[in-house]
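Below, each chain spelled out in residue letters.
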Amino acid sequence: MEVVTLESDEEEKKEQKSSWSDIFSRKTEVQAQKKVTKKEPPVKKEVSLESTSSSSSSFSENEVAIGTGKALVKSSEIIERRDKVFVEVFHHKKYKSKLQMRAINCILKRQCDVYVSLPTGAGKSLCYQLPAIVHGDQISSLRSKGIPCETLNSTLTAAEKSNIMRELNCVAPKIRMLYITAEGAATDSMKKFLADLNKRELLRYIIIDEAHCVTHWGHDFRPDYLSLGKLRDICPGVPWIALTATANTKAQDDIVFQLKMRNVESFKAGTYRDNLYYDVCMRDHLSTAPENHLAAFITKCLSVVDKKNDDKGGIKDKNVRTQNKKILTGSAIVYCRSRNECEQMALTLNKAGITCLAYHAGLGKKDRNDVQDKWMSNEVAVVTATVAFGMGIDKPDVRLVVHWSPSQNLAGYYQEAGRAGRDGKRSYCRIYYSNSDKNALNFLVSGDLAKLREKAKKKNGTESEKAELQIKAIQTGLAKMIEYCESAQCRHVSIAKFFDDSDCRPCETNCDYCRNPKDTEKKLQDFEWGKDKKANAYMNRWKNNDVDTDDLYGGGKCSLAKDEDMWKESASSSTVKDRCETEESQRLRSVLKNEFAKRRSNNSEGFGGPVKRTKVEEKPAEDVSVINFELKTIPNVTLETRESLTRQFIKALQRKLDHQFALYGSCKTAMTYRMKCSHKVAEIKKKTKNFEIFEFENTAIEQSGFSKASNLI
Ligand SMILES: Nc1ncnc2c1ncn2[C@@H]1O[C@H](COP(=O)(O)OP(=O)(O)OP(=O)(O)O)[C@@H](O)[C@H]1O
């Protein structure tokens, strides 16, 4: 018997949705399926078990008394069981690494607490699953179809729960592994129950998977994990196993401290996975539309041969799909930031001929299960998903993990990207990045930080310090994520440094930078240049009173809606609005500040260089008064100037005419009025035609300040 505390409710917390409970139950189901059933008949195969010199992680035939209490077993028997289980239950031929083997041997001995930090996909689960089975009493039962395992969580019905409890209360329960949540472990009833199991000498291990959740230094801190340390006092003498792929030195130290681990043996490997190829694409600088770029990349990564090679035989493998003339194998995940983005992307990829379904917390439980099953069985090639997808899923042939925008934290990114290539074959991890992503990330994280700061203010002493630590960890994680995207260095090295790996040598061939440093640098330069250009474009539009929120949030009102959708997923809707406004005004202020700075300094260096006035092609207004406006014989006199002067001229004439030419008042009948007017107009026309000056009858012209028209020009 062992208790495994999972990173409970992880998916639902990530999406912060009301439907959290069924997501979790799905996850634990997946874990249970993944870790329990190996239905193929046992195959007798040679096991290559490497030996090791480490005393704590190797067995000597003479050693005895493994375990505590009445379950003392000879070490030779343990070795025999280990090898049997390894082949007959897990069907493995050899250990994935020496570290995996050494960790398993150490855990099997049950003489100390064990900390395991191996890369994603390195087989950490086997480190506790194999010992858990080996330490069972009825080894023969392992030859049957599966390893009995159960989960206790809030989504079970009362009847389901009581069935499990009944079984566990038996003298010899069949259940070998019990998965519980950190929240569940904190309840009094669970503590009592575990203490009882321990008293009955049925508890072999307490295992904390995804142990980084226990520390404020981790990328995914869960307060509930902190209470796990209390189980130590309830179950003294039970070895603890903590496993993670994403903890740096600080996080590791804190995990050991928080879980009150003692006499700890550590098995730690670097993060480097040589079958993973990392790259970053600057979304605003691609030669094609980004969605098309992605579709082409997916096809490239998943296609193996041209269909014409297979015209006769047909394609028999059910894991193989065809697209046009290509044969597609393996599968891909495209992580999007919002539900809406998942849906849109799925549509786009389907249009491009790639079978694709969207997965997010907005779907019902059944739909989500369907999507996952279809993807697992290779019925569809691609899932476009929020980060909720992938937890606990172990699909070996994921050839490609794309982040349509980066994660909020480099550690989180490493974990998500690590779902690629678990079969050890070449696989790709790509991020599509743009400046608007950066803004959105900053924006999202700033919301979380604000909440934490509020919390820190209310607390005092160590609690407040812890909140500060968490703030720092979040800020560092984001800064490192952005640095990963924006710096010219080996991507593997960026990750290795973040996790304090001892080996930080460049990969040489497994990332875009190492493959082609110049090209990557050029793309980064374009990206930097693009930032300034975008700010200028925004300023111009603002000056023209044409500012929309498009530029702020990357791609139109539709995108704004998308982002709002995204933000709603991580914040309450009221704060979304506030955040939008704050973001907009901040951005506007910063653009203005830059513009004024440029004008003040009149400096040709720096931000975009001097502001050059754009030469605007002059277009006459529809009611232009200037005669022969096309003429441009006088340099430096614009049409605008001419129009302005002409209007002044007309106005002056008008005034004088009104004053002097008061015919209306001097006539009594309409006929006389019309006649006198026609007469005057005819006179003026005649004079104008002969280039003569028309003089009004009234001699008061000069006295009133009237100027001849010719003098006005
Ligand atoms: N010795 C082995 N030989 C072959 N395959 C193995 C071996 N050990 C584990 N595996 C397989 O490797 C895959 C990854 O293992 P696992 O899910 O335990 O990874 P992990 O280290 O927990 O990764 P993550 O941290 O990403 O969850 C699984 O399909 C598992 O069956």
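The rules we used
- Residues numbered from 1 in each chain as written.
- Predicted model: local features only at pLDDT ≥ 70, side-chain atom pairs only at ≥ 80, totals over all residues.
- Heavy atoms only, no water.
- Helix = DSSP H or I, 4+ residues; strand = E, 2+ residues; numbered from the N terminus.
- Buried < 20%, exposed > 50% of the residue type's maximum accessible area, 1.4 Å probe, protein only.
- Contact = heavy atoms within 4.5 Å.
- Areas by Shrake-Rupley, 256 points an atom, 1.4 Å probe, with all protein chains shown as cover.
- Right-handed = clockwise from strand over helix to strand, strands pointing away.
- Phe/Tyr/Trp six-rings, centres within 6.5 Å; stacked < 30°, edge-to-face > 60°.
- pLDDT = per-residue confidence, 0-100.
- Pairing = 2+ DSSP bridges.
- Axes fitted to C-alpha atoms, helices over the stretch in contact; angles between N-to-C directions.
- Polar contact = N/O pair within 3.5 Å; in protein donor to acceptor, adjacent residues only side chain to side chain.
- Core = buried A, V, L, I, M, F, W, Y, C linked by side-chain atoms within 4.5 Å.
- Left-handed = near helix turned anticlockwise from the far one by under 90°.
- Nonpolar A, V, L, I, M, F, W, Y, C, P; charged D, E, K, R; others polar.
- Near = heavy atom within 4 Å.
- Disulfide = S-S within 2.5 Å.
- Expected span 1.5 Å × (residues − 1).
- Arc of directions from axis to C-beta.
- Parallel < 35°, antiparallel > 145°, perpendicular 65-115°, else oblique.

(A) Structural detail: the overall build of the protein. Secondary structure summary: the protein contains 27 helices and 16 strands in total. Per-residue burial for the protein yields a buried fraction of 49% across its 713 residues. Considering only contacts in the protein between residues 6 or more positions apart, those separated by 24 or more positions represent 73%. When the accessible surface of the protein is summed, it comes to about 36400 Å², and 52% of that surface belongs to carbon and sulfur atoms.

(B) Summary view of the pairing of strand S4 (residues 177-181). In terms of burial, S4 is largely enclosed, as 5 of its 5 residues are buried. In this fold, the crossover linking strand S3 (residues 149-152) to S4 by way of helix H6 (residues 158-168) has right-handed handedness.

(C) Structural view of the packing of aromatic side chains. Overall, the coordinates contain 12 aromatic pairs when judged by the stated rule. Consider the rings of Phe86 and Tyr95, whose centres lie 4.3 Å apart with planes at 40°: the pair is tilted. Comparing Phe86 with Tyr95, the two get one shared label, buried. Residues Tyr413 and Tyr484 carry aromatic rings whose centres are separated by 5.5 Å and whose planes lie at 50° to one another, so their mutual orientation is tilted.

(D) Seen up close, the confidence of the model for the protein. For the protein, per-residue confidence averages 73 on the pLDDT scale, and residues scoring 70 or more make up 67% of the total. In the predicted structure, residues 5-55 sits below a pLDDT of 50 and forms 142 contacts with residues beyond four places in sequence or in another chain. This model gives residues 541-585 a pLDDT under 50, and the stretch forms 74 contacts once residues within four places in sequence are excluded. What the predictor reports for the complex is a pTM of 0.66 with an ipTM of 0.98.

(E) Structural detail: the sheet that holds strand S14 (residues 382-385). Strand order in the open sheet made by the 6 strands is S8-S16-S15-S12-S14-S13, with parallel pairing throughout. Each edge of the sheet is formed by a strand with only one pairing partner; in this case those strands are strand S8 (276-282) and strand S13 (356-359). For this sheet, the mean angle separating the axes of adjacent strands, direction not counted, is 15°. Sheet topology places strand S12 (residues 331-335) next to strand S15 (residues 398-403); 5 bridges connect them, and they run parallel. Within S15, the residue paired with Ile333 across the bridge is Val401. The sheet contacts of helix H13 (residues 339-351) involve S12, S13 and S14, and relative to S13 the element is tilted by about 175°.

(F) Structural detail: the side chain of Asn409. Examined against the element boundaries, Asn409 turns out to sit in the loop between S15 and helix H15 (410-417). Engagement of the side chain of Asn409 in a polar contact is seen with the backbone nitrogen of Ala411, the distance being 2.9 Å. Setting aside residues up to four positions removed in sequence, Asn409 forms contacts with His219, Ala473, Gly477, Leu478, Met481 and Phe498.

(G) Local environment of the nonpolar core. Residues Tyr278, Trp375, Phe389, Tyr413, Ile431, Tyr433 and Tyr484 are the most contacted members of the largest nonpolar core, which totals 47 residues. Among the elements that line this core, the one with the most residues is helix H17 (residues 461-486), at 6 residues. Those residues in contact with Tyr278 that sit more than four places away from it in its chain are Tyr413, Tyr414, Ala417, Cys429, Tyr484, Arg491, His492, Ile495, Asn510, Cys511 and Asp512.

(H) Seen up close, the packing of helix H4 (residues 98-109) against helix H5 (residues 124-134). Where H4 meets H5, the axes come as close as 9 Å, and the angle between the chain directions of the two elements is 40°. Once H4 is placed against H5, the crossing between them reads as right-handed. From H4, Gln100, Ala103, Ile104, Ile107 and Leu108 reach across to H5, where they touch Leu126, Cys127, Leu130, Pro131 and Val134. Among the residues forming the contact of H4 with H5, the class breakdown is 9 nonpolar, 1 polar and no charged.

(I) Seen up close, the side chain of Ser117. In this fold, Ser117 is placed in strand S2 (residues 113-117). Ser117 sits in the buried class, given a relative accessible area of 3%. When sequence neighbours within four positions are dropped, the list of residues in contact with Ser117 reads Thr244, Phe267, Lys268 and Ala269.

(J) Representation of the environment of His219 within the structure. Positionally, His219 belongs in the loop between strand S5 (205-208) and helix H9 (223-226). Distance in space between the C-alpha atoms of His219 and Gly412 is 6.4 Å, their sequence separation being 193 residues. Discounting chain neighbours no more than four positions away, the residues touching His219 are His212, Thr246, Asn409, Ala411, Gly412 and Gln415.

(K) Quick peek at the site of the ligand. In the region of the ligand, 18 residues are neighbours, and Lys94, Gly121, Lys124, Ser125 and Asp394 sit closest. One nitrogen or oxygen atom from the side chain of Gln100 is found 2.9 Å from a nitrogen atom belonging to the ligand. Calculation on the ligand without its partners gives an accessible area of 640 Å², and the protein chains cover 82% of this total. In the shell around the ligand, the residues fall into 6 nonpolar, 6 polar and 6 charged.

(L) How the structure looks around the state of the cysteines. Evaluated as defined, the whole model comprises 0 disulfides. Cys342 takes part in no disulfide bond, and the closest cysteine sulfur, belonging to Cys336, lies 4.4 Å away.

(M) Spotlight on the environment of Ser303. Here Ser303 is to be found in strand S9 (residues 303-306). For the pair Ser303 and Leu328, spaced 25 residues apart in sequence, the C-alpha separation works out to 4.2 Å.

(N) How the structure looks around helix H8 (residues 188-199). The end-to-end C-alpha distance of H8 is 16 Å, a good match for the 16 Å that 12 residues give at a rise of 1.5 Å each. Regarding H8, the residues found buried are Met190, Lys191, Phe193, Leu194, Leu197 and Asn198. Projected down its long axis, H8 shows its buried positions confined to an angular sector of 165°, all on one face. Facing away from the buried side of H8, by more than 90 degrees, are the exposed residues Asp188, Ser189, Lys192 and Lys199.

(O) Representation of the packing of helix H12 (residues 290-302) against H13. In contact at an axis separation of 10 Å, H12 and H13 are set at 60° when each is read in the N-to-C sense. By the angle class used here, H12 and H13 are oblique. Of the two elements, H12 crosses H13, and the hand of that crossing is right-handed. Contacts between H12 and H13 involve Glu291, Leu294, Ala295 and Ile298 from the first element and Met345, Thr348 and Leu349 from the second. Partitioning the contact of H12 with H13 into residue classes produces 5 nonpolar, 1 polar and 1 charged.

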